[in-house]
Amino acid sequence: MTQLHTAWDQHPEPLTVASAPAPEYGSGSLADLLPTLAAGLGVPDMSAAITELTPADRNCVFLIDGLGWEQLRAHPEDAPFMTSLLATSRGGTGRPLTAGYPATTATSLASVGTGLPPGAHGLPGYTVRNPDTGELMNQLRWQPWTPPGPWQPYPTVFQLAHAAGVHAAQVSSPTFENTPLTKVALSGGTFLGRLSGEDRVDLAAEQLAAGDRSLVYTYFAEVDGAGHRFGVDSDTWRGQLMYADRLVQRLAEQLPPRSALYITADHGMIDVPFDEQHRIDFDEDWELSAGVALLGGEGRARHVYAVPGAANDVLTCWREVLGEQFWVASRDEAIAAGWFGPHIDERVYGRIGDVVAAARDDVLLIASEREPKESAMVGNHGSMTPAEQLVPLLEVRS
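An unreviewed UniProt entry lists the chain under the name Alkaline phosphatase family protein, from Streptomyces indiaensis.

Take a look at the structure:
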C-alpha cells in the first residue's frame, strides 16, 4: 500500500504526462472484477486478473456510487461495519482497486459490467464527441439518443455468465431497467427493480441463493448524490454513508452458503471550494477557449476537441495555463500512457479529446454557461488522484 500511495501522492513540477498514475488495468482495476469472479464460476474466456481473490460459487457485487477508498477510511464512526472489513479489501491484502480513467459513473459502470477498460468499451468520459455526428454525447444520460449497440458492441459479463448457465441478476432502482446505459453496461440474466435499499439487498440475497452458481449485482446511488449536492463530510453525506453501511451489514447477514459479497464503488470524490482560484471558468477564459470547438468530459477530467488544424496550439495553450495543476496530454500521449487502457478500439479513438486534461490539484475547470448544474456541484470526481481513483473491494464470505 505504501508504494501505491507514494506513486499517487508525488507532485512533480512541471507536471508531465508520465507522472500521472495510470489505473491498474489488467491486475487491479474495476474492469478486472467481474471477469475474475466469472472465471471462478467457470465462464469460458474469462480470466482471473485480480489474483488475490478466491473463487466462490455465489458472488454478489454491491456497488455504492461515490464511496471512494479514502472517504471510507476517513469516516470510521459513520460506517463501522464497512470499516471492520477494510483489512479484507482486495482478497485480504488491505489494498484498494483503481476505478479507471476517468473516474466517473458511466465509464466505471461500463468497465464493471463489460470487464473491459474504457478504450475498449467506448465510454471514455461523462460527455464525449460522437465522431459520426460531431455532437457531444452525454454517456450517463444518453443524450442525444444514440443507438446503444454500435456505441458499445461487446457482451457484458452477465450475458456471458448467463449463457454459461450461471444465474445472473441485477437488483437496482426500477428507474434504470430500460436505460441505454444499463443495456450496454449491465444487462444479462434478470433485472429486478426495487425502490428501497432494504428491498434491494433482501432480494439480492434471494437471487444469490437461486442458483448453485450465481452472479448478482446491486447498487446504491445516494452517497454520490449527497456528495455532489452538499459535499463529502456534510451531514447529509454522512447520513447516506450510515444508511449504506447498514445495508451492507443487512446483506452480509443474509448470505446463503458458499457466497462471497464484494463491496466496491465506481469512484471517490473531493470537495472543491467556490472561488476563482479553485474554479476556473472556461466560458470566461478567452485563452483556454481559443481554437476549441467542443468542451467535453467534466470539471476534473476534460476532453477538449479542437477546430481543424488547431490541436497543437490548443495543447500548447492548455499546458501553459493549466500545466501546474492538471496533467495535460494530447490524445495520443494519453493513449500511450495507458490512461484509457492497454489498447484503444478504432471506433473509440475519435471520442477521446484532441487534448485530455486531468486535475491533480483541488481545482475544477467549470463551464458556467454550458454546464450550469455541473458547475454548481460541491463534490466532484473524474481524475487520477487517490481521493477519486481508489475504490474499496471489501469482502464477506459465508
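From this point, the narrative continues.
Caption draft 1: Molecular detail of the overall build of the chain. Across its full length, the chain holds 19 helices and 18 strands. By the compact-globule yardstick of 21 Å for 398 residues, the chain fits well, its C-alpha radius of gyration being 20 Å. For the chain, the proportion of its 398 residues judged to be buried stands at 61%. In the chain, 74% of the contacts between residues at least 6 apart in sequence involve partners at least 24 apart. Computed over 26 positive and 50 negative side-chain charges, the separation of the two mean positions in the chain equals 6 Å.

Caption draft 2: Representation of the environment of L251 within the structure. Here L251 is to be found in helix 13 (residues 235-252). Along the primary structure L251 and R141 are separated by 110 residues, whereas in three dimensions their C-alpha atoms are 29 Å apart. Beyond its immediate stretch of four places on either side in the chain, L251 contacts C60, F62, V201, A204, A205, T218 and L261.

Caption draft 3: Structural context of the side chain of S375. Tracing the backbone shows S375 in helix 18 (residues 372-375). Here the side chain of S375 touches A367 through a polar contact of 3.1 Å, landing on its backbone oxygen. At 2.7 Å, the side chain of S375 and the backbone oxygen of E371 are in polar contact.

Caption draft 4: Seen up close, the pattern of salt bridges. Applying the stated criterion to the full structure yields 17 salt bridges. Between E24 and R90 there is a salt bridge, with its nearest N and O atoms 3.2 Å apart. Linking E24 in the loop between helix 1 (2-9) and helix 2 (33-40) with R90 in helix 5 (residues 89-92), this pair joins segments that are 66 residues apart in sequence. Judged by relative accessible area, E24 falls into the buried class, the value being 16%. One salt-bridge network, in which partners are shared between bridges, spans E24, E52, R90 and R95.

Caption draft 5: Local environment of the confidence of the model for the chain. Mean pLDDT over the chain stands at 96; residues scoring 70 or higher make up 97%. pLDDT under 50 marks residues 1-6. Its contacts with residues more than four places away, or in other chains, come to 12 contacts.

Parameters and conventions
- Residues numbered from 1 in each chain as written.
- Predicted model: local features only at pLDDT ≥ 70, side-chain atom pairs only at ≥ 80, totals over all residues.
- Heavy atoms only, no water.
- Helix = DSSP H or I, 4+ residues; strand = E, 2+ residues; numbered from the N terminus.
- Rg over C-alpha atoms; globule rule 2.2 N^0.38 Å.
- Buried < 20%, exposed > 50% of the residue type's maximum accessible area, 1.4 Å probe, protein only.
- Contact = heavy atoms within 4.5 Å.
- Lys, Arg positive; Asp, Glu negative; His and termini not counted.
- Charge placed at Lys NZ, Arg CZ, Asp CG, Glu CD.
- Polar contact = N/O pair within 3.5 Å; in protein donor to acceptor, adjacent residues only side chain to side chain.
- Salt bridge = Lys/Arg side-chain N within 4 Å of Asp/Glu carboxyl O.
- pLDDT = per-residue confidence, 0-100.

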